[in-house]
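Observations on the model geometry
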Amino acid sequence: MTTTVANTALMAELREAISKMANAQFDSPGYRRLLSLPLNKARAQAYVIQRTHWTINRRDCWALAQGIAPLDVKKTIWDHERDELAGTADGVTPDHYTLSIREAASLDLTPDDLINTPPCDGAVTCMAAWLHLAKHSHWLSAVAGCSALELSNSETVLRDGSMSRRMGAKMFEELGIPMKKQAMNDVHMVADAEHGNLMTDVAQRHMHSRADYEHIIEGLRQSWTIDRVWKGQLADVLESIPI
């Protein structure tokens with residue numbers, strides 16, 4: 001498949017829009033509430049369990065986006081998802097579900113706890129919305145919708161630290177759990193900085209018109225809208241647990 005280089009002015013506009021929208025997530029009510037709530041062990045357990053359901057949903061959404069993307073983008077997504085599903089090629093970092101199990105263990109949760117505790121109503125609703133976005137959008141919007149959640153956790157984009165870093169700091173400061181025992185937070189502080197480049201790499205090859213730009217922006221906008229609701233739902237779950 002032959003691809004050409006994207007319009008330079010559109011690429012600059014896209015990078016500016018990504019930075020503005022990704023950083024704005026942290027000023028939204030849902031993000032602010034979630035990050036301001038004090039943690040105890042039970043609240044942290046609930047957070048890790050619900051985040052694990054969300055992590056599995058990310059694999060489903062990326063698979064749907066991969067299915068409708070051009071061949072070269074399928075390969076790009078596969079390179080991204082290989083780490084998530086199978087671990088790094090050098091064997092140093094396991095797949096990310098295993099990372100979830102390891103982080104859960106630091107909170108005295110078992111693998112069965114992750115499996116047997118259902119997603120909350122807000123998780124079910126938001127995960128369905130992300131699946132719909134990936135399945136029923138233009139392929140550029142589908143890829144952007146998946147990439148949005150990497151970009152808003154990427155410290156190459158964010159001014160004041162990723163969600164992984166911020167939540168990891170809370171778990172250390174309020175619960176005394178060292179970052180190295182927070183396997184998911186620890187890895188994603190680094191991994192999502194690299195994974196966040198996927199969208200701009202794809203845009204560089206495939207964004208050649210204002211219409212292409214708008215497809216990408218629409219996918220980012222919709223995904224981040226869902227994400228703001230999701231963070232508010234997570235805050236509701238944690239707030240319902242006595243401190």
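Values in this document were obtained by computation on a predicted structure and should not be read as measured data.

**Here's the deal with the side chain of Arg51**
- Examined against the element boundaries, Arg51 turns out to sit in helix 3 (residues 41-68).
- Among residues more than four places away in sequence, those in contact with Arg51 are Glu103, Met184 and Asn185.

**Remarks on unusual backbone geometry**
- Look at Asp108: it is not a glycine, yet its phi comes out positive at around 65°.
- Since its relative accessible area comes to 54%, Asp108 is described here as exposed.

**Focus on helix 1 (residues 8-24)**
- For helix 1, spanning 17 residues, the distance from its first C-alpha to its last is 25 Å, which sits close to the expected 24 Å at 1.5 Å a residue.
- For helix 1, the complete set of buried residues consists of Leu10, Met11, Leu14, Ala17, Ile18, Ala22 and Asn23.
- The inward-facing, buried residues of helix 1 contact helix 8 (139-151), helix 11 (197-206) and helix 12 (210-239).
- For helix 1, the N-terminal cap is Asn7; the gap from its side-chain oxygen to the backbone nitrogen of Ala9 is 2.9 Å.

**Considering the packing of helix 3 against helix 12**
- Axis separation between helix 3 and helix 12 bottoms out at 9 Å; the angle between their running directions is 145°. Once helix 3 is placed against helix 12, the crossing between them reads as right-handed. Side by side, helix 3 and helix 12 meet where Arg43, Ala46, Tyr47, Gln50 and Trp54 of the first sit next to Trp230, Leu234, Val237, Leu238 and Glu239 of the second.
- Its residues placed into classes, the contact of helix 3 with helix 12 shows 7 nonpolar, 1 polar and 2 charged.

**Focus on the pattern of salt bridges**
- Applying the stated criterion to the full structure yields 15 salt bridges.
- Ionic pairing is found between Asp108 and Lys41, a salt bridge with its closest N-O pair at 2.3 Å. Residue Asp108 is located in the loop between helix 5 (96-105) and helix 6 (111-116), and its partner Lys41 is located in helix 3; the two are separated by 67 residues in the primary sequence.
- By relative accessible area, Lys41 is classed as partly exposed at 39%.
- If you follow the salt bridges from partner to partner, you end up with Arg33, Asp236 and Glu239 in one network.

Parameters and conventions
- Residues numbered from 1 in each chain as written.
- Predicted model: local features only at pLDDT ≥ 70, side-chain atom pairs only at ≥ 80, totals over all residues.
- Heavy atoms only, no water.
- Helix = DSSP H or I, 4+ residues; strand = E, 2+ residues; numbered from the N terminus.
- Contact = heavy atoms within 4.5 Å.
- Buried < 20%, exposed > 50% of the residue type's maximum accessible area, 1.4 Å probe, protein only.
- Expected span 1.5 Å × (residues − 1).
- Polar contact = N/O pair within 3.5 Å; in protein donor to acceptor, adjacent residues only side chain to side chain.
- Axes fitted to C-alpha atoms, helices over the stretch in contact; angles between N-to-C directions.
- Left-handed = near helix turned anticlockwise from the far one by under 90°.
- Nonpolar A, V, L, I, M, F, W, Y, C, P; charged D, E, K, R; others polar.
- Salt bridge = Lys/Arg side-chain N within 4 Å of Asp/Glu carboxyl O.

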